[in-house]
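Below are the chains, spelled out letter by letter.
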Amino acid sequence: MADNWKCCIPAAIAGGAGLAALGFMYMRYRRNKAASYVGKSWWLSDPLNVYVRNHNVDDQVLGELRVMSTKLEQGIMTTSVESCKLLTFYVRALNAKKCLDVGVFTGCSAFAMALGLPDEGKVIACDISEEFTSLGKPFWERGGVSGKIDLRLQPATQTLQELIDNGETGTFDLMFIDADKDNYGVYYELGMELLRKGGLVIVDNALWSGQVADPANTSKATVSIRELNKKMRDDPRVEYLLLNIADGTGIAQKL
Ligand SMILES: C[S@@+](CC[C@H](N)C(=O)[O-])C[C@H]1O[C@@H](n2cnc3c(N)ncnc32)[C@H](O)[C@@H]1O
């Protein structure tokens, strides 16, 4: 009797390992299920996504920055190639001179905006991480865009409020929101003040891997993004467009 429990140990270990494997498989299933309709395009292997990616060609150095960034432990945060192309396009189409990048990481989005700006143009790049942003700086330098990226290392709300206090209300052409999800609504409101008429707010992760459409998902980030999507849709101050590209892209033009 005293030794009976010992013979149960291997069975308990095997059972535990089995449960862990099942848990892992379930997590992968959930991730792939979400990824099958929306997600960070660079980790989707669907042939159509690969085709789209192959037809959105990066600037050489921006492409190298993206490769370096996606290999980092936090690489999932890297802005997709389609979103970056969209940013460069809009900056050029708007003839923009002043942009806001809220959430820099290693700077793919800031780099993409800078590419579309004229020499005297500026991206005010807001982040709190010296570590992530300094990994990107050598690429900004090599790509010839560092002179257009004005990095402000402090909470983005503080930087945006300072710009308002400095009298820069109504002077920005485009704002890209991609920082902490809980503050998305605050960034949007500050952006509305800072943008000129006709300026654009572009919101990344607007579909949050599909979680916004799952009413059972009430995580803080999901609720925050869901609320902002609704607010933008119903906002009489803007013309609104929600695109199912990358991880979802919400676009509002200030009327
Ligand atoms: C998804 S990443 C941004 C990705 C980036 N747009 C790109 O092109 O790869 C989010 C970034 O927001 C930053 N962040 C988090 N909280 C912040 C805050 N309160 N103010 C400014 N940046 C913040 C993080 O340090 C991180 O670098």
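Computed from a predicted structure; not experimentally measured.

1. As for the overall build of the protein chain
Right, so step 1: If you tally the helices and strands in the protein chain, you get nine helices and seven strands.
Right, so step 2: Among the 255 residues that make up the protein chain, the fraction classed as buried is 40%.

2. Concerning helix α6 (residues 130-142)
Right, so step 1: Under the 1.5 Å per step criterion, the end-to-end length of α6 is 19 Å for 13 residues, consistent within 8% with the ideal 18 Å.
Right, so step 2: Listed in full, the buried residues belonging to α6 are T133, G136, F139 and W140.
Right, so step 3: The inward-facing, buried residues of α6 abut α3 (60-70), α5 (108-116), β2 (122-127) and β3 (149-153).

3. Examining the site of the ligand
Right, so step 1: As a structural note, the neighbourhood of the ligand is formed by 19 residues, with M77, T79, G103, F105 and S109 the closest of them.
Right, so step 2: Residue assignment for the shell around the ligand shows that the elements contributing at least two residues are α5 and β2.
Right, so step 3: Partitioned by chemical class, the residues of the shell around the ligand number 10 nonpolar, six polar and three charged.

4. Comments concerning α3
Right, so step 1: Listed as buried for α3 are L62, L65, R66 and S69. All buried residues of α3 fall inside an arc of 100 degrees around its axis, so they share one side.
Right, so step 2: Those residues of α3 hidden inside the fold are in contact with α4 (81-93), α5 and α6.

5. Section: the nonpolar core
General note: in soluble globular proteins, nonpolar side chains tend to be found buried as a group.
Right, so step 1: Membership of the largest hydrophobic core comes to 59 residues, with the highest contact counts inside it found for F111, M113, L174, M175 and I177.
Right, so step 2: A per-element tally of this core places α5 first, with seven residues.
Right, so step 3: Residues within four places of I177 in sequence aside, it is in contact with V102, Y184, Y187, Y188, V201, V203 and D204.

6. Let's talk about the confidence of the model for the protein chain
Right, so step 1: Chain-level pLDDT for the protein chain is 89 on average; 83% of the residues reach the 70-or-more range.
Right, so step 2: Of the regions scoring below 50 in pLDDT, residues 24-38 engages in 11 contacts with residues more than four places distant in sequence or in other chains.

7. Side note on the packing of α4 against α5
Right, so step 1: At a minimum axis distance of 7 Å, the contact between α4 and α5 shows a crossing angle of 30 degrees. On the basis of the axis angle, α4 is roughly parallel to α5. As for the relative orientation of α4 and α5, their crossing is right-handed in sense. Contacts between α4 and α5 involve C84, L87, T88, V91 and R92 from the former and C108, S109, A112, M113, L115 and G116 from the latter.
Right, so step 2: Of the residues in the contact of α4 with α5, the class split is seven nonpolar, three polar and one charged.

8. Here we look at the pairing of strand β6 (residues 238-243)
Right, so step 1: Direction of pairing for β6 relative to strand β7 (residues 249-254): antiparallel, over a ladder of six bridges. Directly across from L243, in β7, lies its bridge partner T249.
Right, so step 2: What sits between β6 and β7 in their antiparallel hairpin is a turn of five residues, with A246 showing a positive phi close to 50 degrees.

9. Let's talk about the pairing of strand β5 (residues 195-204)
Right, so step 1: Within β5, seven of the 10 residues are buried, which leaves the element mostly enclosed by the surrounding structure.
Right, so step 2: Where strand β4 (residues 172-177) lies against β5, five bridges are found, and the strand directions are parallel. Note on β5: the bridge partner recorded for F176 is I202.
Right, so step 3: Each parallel crossover has a hand, and for β4 linked through helix α8 (residues 184-194) to β5 it is right-handed.
Right, so step 4: In this sheet, β7 lies alongside β5 in antiparallel orientation, the contact comprising five bridges.

Reading the values: the criteria
- Residues numbered from 1 in each chain as written.
- Predicted model: local features only at pLDDT ≥ 70, side-chain atom pairs only at ≥ 80, totals over all residues.
- Helix = DSSP H or I, 4+ residues; strand = E, 2+ residues; numbered from the N terminus.
- Buried ≥ 20, exposed ≤ 12 C-beta atoms within 10 Å, placed from the backbone.
- Expected span 1.5 Å × (residues − 1).
- Contact = placed C-beta atoms within 7 Å.
- Near = placed C-beta within 6 Å.
- Nonpolar A, V, L, I, M, F, W, Y, C, P; charged D, E, K, R; others polar.
- Arc of directions from axis to C-beta.
- Core = buried A, V, L, I, M, F, W, Y, C linked by C-beta atoms within 7 Å.
- pLDDT = per-residue confidence, 0-100.
- Axes fitted to C-alpha atoms, helices over the stretch in contact; angles between N-to-C directions.
- Parallel < 35°, antiparallel > 145°, perpendicular 65-115°, else oblique.
- Left-handed = near helix turned anticlockwise from the far one by under 90°.
- Pairing = 2+ DSSP bridges.
- Right-handed = clockwise from strand over helix to strand, strands pointing away.

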